[in-house]
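Residues per chain, in single letters:
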Amino acid sequence: MSVTGTAGATVLRRRVTARGVVQGVGFRPYVHALATSLGLTGHVTNTPDGVVVEIEGDRAAVDLFCARLAPDAPPLARVDGVDHEDVPATGDGAFTILASRADGRAGALIPPDTATCAACLGELADPADRRHRHPFVNCTHCGPRFTIVTGLPYDRAHTTMAGFPLCPRCAREYADPADRRFHAQPVACPDCGPRLRLLVRRPRTAGAPEEVTDADPVAEARRLLGRGAVLAVKGLGGYHLACDATDPEAVALLRRRKARGDKPFALMARGADDIEHLVSLTAAERELLAGPARPIVLLRRRTTAGPAGPRPAPQVAPGSPDLGVMLPYTPLHHLLLGLPGDPEGPRLLVMTSGNVSGEPIVTDEGEALERLAHLADAWLTHDRPIRVPCDDSVVRLCDGKPLIVRRARGYAPLPLDLPVPVRPALAVGGDLKNTCCLGEGRRAWLSAHIGDMDDLATQRAFARAVAQLESITPVRPGLLAADRHPGYRSAQWALRNAAGREVVRVQHHHAHIAAAMAEHGLDGTRRVLGAAFDGTGHGDDQAVWGGEFLLADYAGFTRLGHLAYVPLPGGDAAVHRPYRMALAHLRAAGLAWSADLPCVAACPTDELRVLSRQLERGIHCVPTSSMGRLFDAVSSLAGVCHRAGYEAQAAVELEAAALSAPAEDTTAYAFAVPEAATLDGPLRAGPAPVLAAVVDDLRAGVPAASIAARFHRAVVGLVHRVCLLARDRHGVDTVALTGGVFLNSLLSSACAAALTADGFTVLRHHLVPPGDGGLALGQLMVAAWAGGPGATTL
């Protein structure tokens, strides 16, 4: 509403509501600066629905404010929408920031934790600055956000910093519109912020670890790392276990203590210069490494020797074609790796999740002292509570675009835009790499990575994650979605907690394809062909699926084809011992268990006899069409990996072998694929010719690397041929590559190239993991179409 001022100018007052990531990113200080620069009066406040601004002044200035509000927003802000409403003028004399309002439903978006910005790093390293070497330096552009939030709106009182009253100097910065820390909620300094302390377990001394009081905690921690100690280090979303990555004894010690098998460790380096001699580093990978999210980035090892530099011990990532590397993202990390002028210390650190294998990451000091007692020699900890556990994200670039392996710190809890509106719903995901997902309207919130649900502590963490996600979103789910597997603990949780709400059970691979469709903005009006390849998923015929070609939309799916069934002898035993899967595939293909085959030699004689009877009689041998298990089988058959100490180890090492194959070798094996005219049901692709060719090559002395590469090309050929058949028979020209097998970038890239060259539109995951970490998003989308052929309601 406008009035005429004393000089005849038109005075207008307008209420503006900005929605999106507009809290905890310096948005109100930005609004204050923009309004005052335009000579406007009024106020700005945080509300659960977003930032609400009332501005008053000349119409032209008001219009200019509204035009610039979103485009000029701070770098960490994400403005999803702006609403305008003219209101009566009040004659305000200035522009002010009002206390936040707590009315209404939560609609504002909480930003993720963000790596320390350049300005704060400058202060950290400046001896003249009062925050010199302060482990908790932050401002409106960086620092903890999601992991410290206790409620909405996002204000200091609703964070775990509420217990740290501001000192006079921090209070002045917080209240000064011209200061970088104006309304920076986690603001702190050495006078008023959290305290760092180092606790050390003394050899041959009983009782609790002792606090180091006669030395700087960080300096002493660096000294301990340099002497081969394992440290538990409290970060933003939980504890890390750290050691000197260049010390073989320290790395081996950590690996033994954590009972980690050969699963790769992540590295932390001071900068890209400390790793460029180890990995092939593109400009895009440098940007991802140094960006505000600071994920662990999977980087291909150099195939030729690079320049001199620190080298990780071989035990860091044995058998992996990649090194997982991240750069420091907290001030404490920078201090641990050393500032300019610091005494020399480790330049590469192992930084792995602070937990017992299979359990959630530890966040509480008391819990860390108890649960990590047998893992750590010392604890570098602090007294700022962690509200939300959050692991490091893991990302790789595939054909220049992100391929999310684990979505957590730096990404969660940013929502995903949906192509169609959904009912208020909660999807509970699967039992491996679990995440949950809340959705309503055209927005979905995927939780941070939670973990594997076979552990009671993880199940409790899941329940907390659901409650926390509901507390920061407007969603009140009236519908639950879960996997169809009758034994999944996530699905059982949904049934126990339904409280009269509808529960929709979604087929595993249908959910994978729906997730790919959703992140690419498909509205479901046209079917896609999904190649859904993974290790296991409950099939509608009670078999274990995992090598699936489904014609799908959100409403349902048709199983167009799959790998031919083979027995899965002993369930998990076959997963942990790939030679069992190789032997099962050989038996199904009619190939003899000859003593010269590596998988036969790897199987103990007694087990070989038992396994033969087991397969002959079909005892504990559920049929499986799993592509993941076929990768395991070929890995063992080729002599690459016979025992898997972590999930997908055999497949990872098979990919590593394929990458080292001679470029001039372009031979490809081939699956048995029936002609379309002969089909009377789903196409069944037979791996027998592939296995026979592998056996022939082994006996001809062909190296394992070439066998691995020829097998990868066989899978590419299978995908290509089935897609051509689907296009001919059903007119489908969009293909989704999904499921955990497509974390294999060699396979993903080759499949996409072959399909694109033949005119297909190829959907690959860039926003959520292709594996089970993205399953909940697909469940949510299918549940929105509940009642169709793809979903059953309980």
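The present account deals with the structure reproduced in this document.

What counts as what
- Residues numbered from 1 in each chain as written.
- Predicted model: local features only at pLDDT ≥ 70, side-chain atom pairs only at ≥ 80, totals over all residues.
- Heavy atoms only, no water.
- Helix = DSSP H or I, 4+ residues; strand = E, 2+ residues; numbered from the N terminus.
- Buried < 20%, exposed > 50% of the residue type's maximum accessible area, 1.4 Å probe, protein only.
- Pairing = 2+ DSSP bridges.
- Contact = heavy atoms within 4.5 Å.
- Axes fitted to C-alpha atoms, helices over the stretch in contact; angles between N-to-C directions.
- Parallel < 35°, antiparallel > 145°, perpendicular 65-115°, else oblique.
- Nonpolar A, V, L, I, M, F, W, Y, C, P; charged D, E, K, R; others polar.
- Disulfide = S-S within 2.5 Å.
- Salt bridge = Lys/Arg side-chain N within 4 Å of Asp/Glu carboxyl O.
- Core = buried A, V, L, I, M, F, W, Y, C linked by side-chain atoms within 4.5 Å.

## Thoughts on unusual backbone geometry
Phase 1 of the analysis: In this model, Ala 412 is joined to Pro 413 through a cis peptide bond whose omega is 10 degrees.
Phase 2 of the analysis: Relative to the elements of secondary structure, Pro 413 occurs in the loop between strand 17 (401–406) and strand 18 (416–427).
Phase 3 of the analysis: Phi angles above zero are rare outside glycine, and His 620 is one such case at about 55 degrees.
Phase 4 of the analysis: Assignment of secondary structure puts His 620 in the loop between helix 16 (605–617) and strand 26 (621–624).

## With respect to helix 22 (residues 775–783)
Phase 1 of the analysis: Burial of helix 22 is extensive: 9 of the 9 residues sit out of reach of the surface.
Phase 2 of the analysis: When we look at burial in helix 22, the residues that qualify are Leu 775, Ala 776, Leu 777, Gly 778, Gln 779, Leu 780, Met 781, Val 782 and Ala 783.

## A word on the pairing of strand 4 (residues 50–58)
Phase 1 of the analysis: Of all 9 residues in strand 4, 8 are buried, a share of seventy percent or more.
Phase 2 of the analysis: Both strand 2 (residues 10–21) and strand 4 contribute to a ladder of 8 bridges, which runs antiparallel. Within strand 4, the position partnered with Leu 12 by the bridge is Gly 57.
Phase 3 of the analysis: As paired strands, strand 3 (residues 41–47) and strand 4 are joined by 7 bridges and run antiparallel to one another. Note that in strand 4 the partner of Thr 41 across the bridge is Glu 56.
Phase 4 of the analysis: Here strand 3 folds back onto strand 4 in antiparallel fashion, the turn holding 2 residues.

## What about the sheet that holds strand 13 (residues 322–326)?
Sheet strands line up and pair through hydrogen bonds in the backbone, either parallel or antiparallel.
Phase 1 of the analysis: Strand order in the open sheet formed by 11 strands is 8-7-15-9-10-14-11-13-12-16-17, and the pairing between neighbours is mixed. Of all the strands in the sheet, just strand 8 (210–211) and strand 17 have a single pairing partner and so form its edges.
Phase 2 of the analysis: Here 5 bridges tie strand 16 (residues 394–398) to strand 17, and the two strands are oriented antiparallel to one another. Of the residues in strand 17, the one forming a bridge with Leu 397 is Pro 402.
Phase 3 of the analysis: Here helix 6 (residues 248–258) sits on the sheet in contact with strand 10 (239–244) and strand 14 (348–353), set at roughly 145 degrees to strand 10.

## Side note on the packing of helix 14 (residues 578–588) against helix 17 (residues 627–637)
Phase 1 of the analysis: Axis separation between helix 14 and helix 17 bottoms out at 7 Å; the angle between their running directions is 95 degrees. Taken together, the axes of helix 14 and helix 17 are roughly perpendicular relative to one another. The residues of helix 17 that touch helix 14, namely those facing Pro 578, Tyr 579, Met 581, Ala 582, His 585 and Leu 586, are Arg 629, Leu 630, Asp 632, Ala 633, Ser 636 and Leu 637.
Phase 2 of the analysis: Residue classes in the contact of helix 14 with helix 17 are distributed as 8 nonpolar, 2 polar and 2 charged.

## Regarding the state of the cysteines
Phase 1 of the analysis: Going through the model one piece at a time under the given rule, you end up with 0 disulfides.
Phase 2 of the analysis: Its sulfur unpaired, Cys 192 is 3.6 Å from the next cysteine sulfur, which belongs to Cys 170.
Phase 3 of the analysis: Exposure remark for Cys 192: the relative accessible area of 8% places this residue in the buried category.
Phase 4 of the analysis: You can see Cys 398 has no disulfide; the closest cysteine sulfur is in Cys 751, sitting 10 Å from it.

## A closer look at the environment of Ala 516
Phase 1 of the analysis: Here Ala 516 shows up in helix 12 (residues 508–519).
Phase 2 of the analysis: Ignoring any residue separated from it by four or fewer positions in sequence, one finds Ala 516 in contact with Ala 736, Leu 763 and His 765.

## Description of the pattern of salt bridges
Oppositely charged side chains may form a pair once their charged atoms are brought near each other.
Phase 1 of the analysis: What the rule picks out here adds up to 49 salt bridges.
Phase 2 of the analysis: A salt bridge links Glu 548 to Arg 559, with the nearest nitrogen and oxygen atoms 2.6 Å apart. Of this pair, Glu 548 sits in strand 23 (residues 544–552) while Arg 559 sits in strand 24 (residues 557–563), and the two are 11 residues apart along the sequence.
Phase 3 of the analysis: Among the residues examined, Arg 559 registers a relative accessible area of 13% and is labelled buried.
Phase 4 of the analysis: Bridged by salt links that share partners, the residues Arg 13, Arg 15, Glu 54, Glu 56, Glu 85 and Asp 92 form one connected network.

## Structural notes on the pairing of strand 14
Phase 1 of the analysis: The element strand 14 is extensively covered by neighbouring structure, given that 6 of its 6 residues are classed as buried.
Phase 2 of the analysis: When strand 10 meets strand 14, the two strands line up antiparallel, connected through 5 bridges. In the strand pairing of strand 14, Leu 241 is matched with Thr 352.
Phase 3 of the analysis: Where strand 11 (residues 266–269) lies against strand 14, 3 bridges are found, and the strand directions are antiparallel. Looking across to strand 14, one finds that Ala 269 is bridged to Leu 348.

## Section: the nonpolar core
Across soluble globular proteins, nonpolar side chains have a tendency to be buried as a group.
Phase 1 of the analysis: Of all hydrophobic cores here, the largest spans 72 residues; its most connected members are Leu 583, Phe 671 and Phe 711.
Phase 2 of the analysis: The element contributing the most residues to this core is helix 20 (residues 704–730), with 14 residues.
Phase 3 of the analysis: Excluding residues that lie within four positions of it along the chain, Phe 671 makes contacts with Leu 563, Leu 630, Gly 686, Pro 687, Pro 689, Val 690, Phe 711, Ala 714, Val 715 and Leu 718.
Phase 4 of the analysis: One finds Val 53, Ile 110, Trp 445 and Leu 480 within the second-largest nonpolar core, a separate group that totals 64 residues.

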